Amino acid sequence: MNTTTATTIPTQAGAAETQQEHGSRIITALEGAWSAIRAEHPDVPAVVMITGTGRTADSMKWGHFGERRWTTGATTRTHELFAGGELLSLGGRRTMQTLLHEAAHALAHVRGIKDTSSDYRYHNKRFVKLAEELGLQGPASPVPVNGWNTCEITDRTAARYAAVIEALDTASLPYVYDAWVTANFGGAAKPTGGEDENGDDDAQGEGGGEGEGGSDEPKKAKRPPTRFLVVCGCVKPGKDGKPEAARRIQISRATWEFGREDGDEDEDGGALMCGRCGQSFRKASED
């Protein structure tokens, strides 16, 4: 087996000199790590390395292997390897774990092995076998939706790639801060502020929360409905003989609020009236 050597990664220079170089530093570092994996496992194919935010609507994509996505010559197609910017905040060892995870998917493609199902989300035991071949440890049991995806790098594998992991750590690569990643995985702390490289004050925006295994972020609570039911005093016999509201109207919150006087705390507001019974409409939930 080949001996893994240290990967040379450009160091951070002054802000004025590197404004256009951050992306190339990240890609150079990730390409070096991928080359180290290929040196140990020649069956792992070459890829076009890309990065960006891994946040989706309700999950975090650490990485992703895409088959034959890039045209690199008149008749040549090359695979894609995505590594999320949030992943870089977790350090070299965790980044290497994800790259090995994606290398297992790459091996599955090369060998014609079906290692996932359900739109690539569910990882089966064939995937675990490939991941363990590359130096990851499979989970004791599967999880819903993603299956046997949580394969972790072992200490022995980390030692084999120690030079690469150290290179990733010491390069101080740019990363995408994400509060959920920091809270759940110990990612880098939130930037303290200051100015960006254009001299503008920092205005940290809140980000939009599958990939290597699809780390699901707890879904945000649903917003309360913007429409609700209102009733008036009109009644009619119900199915059980008891009176029930005869007029039940769905109304938007904006329309309901528009009819109220400024400062009026009364829920009815005395604004929306029934022309038949002469009473104000009220929210049905109050019955």
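Definitions and limits used
Residues numbered from 1 in each chain as written. Predicted model: local features only at pLDDT ≥ 70, side-chain atom pairs only at ≥ 80, totals over all residues. Heavy atoms only, no water. Pairing = 2+ DSSP bridges. Helix = DSSP H or I, 4+ residues; strand = E, 2+ residues; numbered from the N terminus. Axes fitted to C-alpha atoms, helices over the stretch in contact; angles between N-to-C directions. Parallel < 35°, antiparallel > 145°, perpendicular 65-115°, else oblique. Left-handed = near helix turned anticlockwise from the far one by under 90°. Contact = heavy atoms within 4.5 Å. pLDDT = per-residue confidence, 0-100. Nonpolar A, V, L, I, M, F, W, Y, C, P; charged D, E, K, R; others polar. Expected span 1.5 Å × (residues − 1). Buried < 20%, exposed > 50% of the residue type's maximum accessible area, 1.4 Å probe, protein only. Core = buried A, V, L, I, M, F, W, Y, C linked by side-chain atoms within 4.5 Å.

> I'd like a description of the pairing of strand 3 (residues 63-71), backed by residues and values.
Pairing of strand 3 with strand 4 (residues 77-84) involves six bridges; the strand directions are antiparallel. Note on strand 4: the bridge partner recorded for Phe-65 is Leu-81. Taken together, strand 3 and the strand that follows it, strand 4, pair antiparallel across an intervening segment of five residues.

> I'd like to hear about the packing of helix 3 (residues 92-111) against helix 4 (residues 125-133), residue by residue, with values.
In the contact formed by helix 3 and helix 4, the axes pass within 9 Å of each other and the chain directions differ by 115°. By the angle between their directions, the pair helix 3 and helix 4 is classed as roughly perpendicular. Every pair of crossing elements has a handedness; the one defined by helix 3 and helix 4 is right-handed. Contact with helix 3, carried on its side by His-101, Ala-104, His-105, Leu-107, Ala-108 and Arg-111, involves Phe-127, Leu-130, Ala-131 and Glu-133 of helix 4 and no other residues of that element.

> Could you give me a rundown of the pairing of strand 10 (residues 227-231), with the residues and numbers involved?
Here strand 10 runs beside strand 13 (residues 248-252); their pairing, made up of five bridges, is antiparallel. Within strand 13, the position partnered with Phe-228 by the bridge is Ile-251. Summarising the sheet, strand 10 and strand 14 (residues 282-283) pair through two bridges and their orientation is antiparallel. Counted as the bridge partner of Val-231 is Arg-282 from strand 14.

> Which residues make up the confidence of the model for the chain, and what are the values?
Taken residue by residue, the chain gives an average pLDDT of 81. The fraction at 70 or more is 75%. Segment residues 201-211: pLDDT under 50, and 30 contacts once partners within four positions in sequence are set aside and those in other chains are kept. Within the model, the stretch residues 262-269 combines pLDDT values under 50 with 12 contacts to residues more than four positions away or in other chains.

> How would you sum up unusual backbone geometry? Please name residues and give values.
Of note in the backbone geometry, Ser-118 takes a positive phi value of approximately 55° without being a glycine. A positive phi angle is found at Val-145, which is not glycine, with a value near 75°. Summarising the element assignment, Val-145 is placed in the loop between strand 7 (136-137) and strand 8 (152-153).

> Lay out the packing of helix 2 (residues 22-40) against helix 3 with the relevant residues and their values.
Orientation of helix 2 relative to helix 3, taken along the N-to-C sense of each, is 55°, at an axis distance of 10 Å. Taken together, the axes of helix 2 and helix 3 lie oblique to each other. Crossing handedness for the pair helix 2 and helix 3: right-handed. Seen from helix 2, the contacting residues are Leu-30, Ala-33, Trp-34 and Ile-37; seen from helix 3, they are Thr-95, Met-96, Leu-99, Leu-100, Glu-102, Ala-103 and Ala-106. Its residues assigned to classes, the contact of helix 2 with helix 3 shows nine nonpolar, one polar and one charged.

> Can you explain the sheet that holds strand 14? Please cite residues and give values.
Ordered in space as 13-10-14, the three strands form an open sheet in which the pairing is antiparallel. Every other strand in the sheet has two partners, leaving strand 13 and strand 14 as the edge strands with one partner each.

> Give me the lowdown on helix 3, citing residues and values where you can.
Across its 20 residues, helix 3 extends 28 Å between first and last C-alpha, which sits within 8% of the 28 Å expected from 1.5 Å per residue. With respect to burial, helix 3 is a largely interior element, 16 of its 20 residues being buried.

> For the sheet that holds strand 4, give the residues involved together with the corresponding values.
Spatially, the three strands line up as an open sheet ordered 1-4-3, and their pairing is mixed. Each edge of the open sheet carries a strand with a single partner, namely strand 1 (47-52) and strand 3. In this sheet, neighbouring strand axes are inclined to one another by 30° on average, regardless of whether the strands run parallel or antiparallel. Against the sheet, helix 2 engages strand 1 and strand 4, with an angle of about 135° to strand 1. Lying over the sheet, helix 3 contacts strand 3 and strand 4, oriented at roughly 50° with respect to strand 3.

> Run through the environment of Ala-131, naming residues and quoting values.
Relative to the helices and strands, Ala-131 is located in helix 4. For Ala-131, a relative accessible area of 0% gives the class buried. Put simply, Ala-131 and Glu-102 are 29 residues apart on the chain and 8.8 Å apart in space, counted from C-alpha to C-alpha.

> How would you summarise the nonpolar core if you had to cite specific residues and measurements?
Membership of the largest hydrophobic core comes to 45 residues, with the highest contact counts inside it found for Trp-34, Ile-37, Met-96, Leu-99, Leu-100 and Tyr-161. Going through the elements one at a time, helix 2, strand 1, strand 4, helix 3, helix 4, helix 6 (162-170) and helix 7 (179-185) are the ones with two or more residues in this core. Judged by nonpolar contacts, the second largest core, of eight residues, contains Phe-228, Cys-232, Ile-251 and Phe-281.

> Mind laying out the side chain of Thr-157, listing which residues take part and the relevant values?
Summarising the element assignment, Thr-157 is placed in helix 5 (residues 155-160). If we ignore the near neighbours within four places in the chain, the residues touching Thr-157 are Leu-100, Leu-134 and Gly-135.

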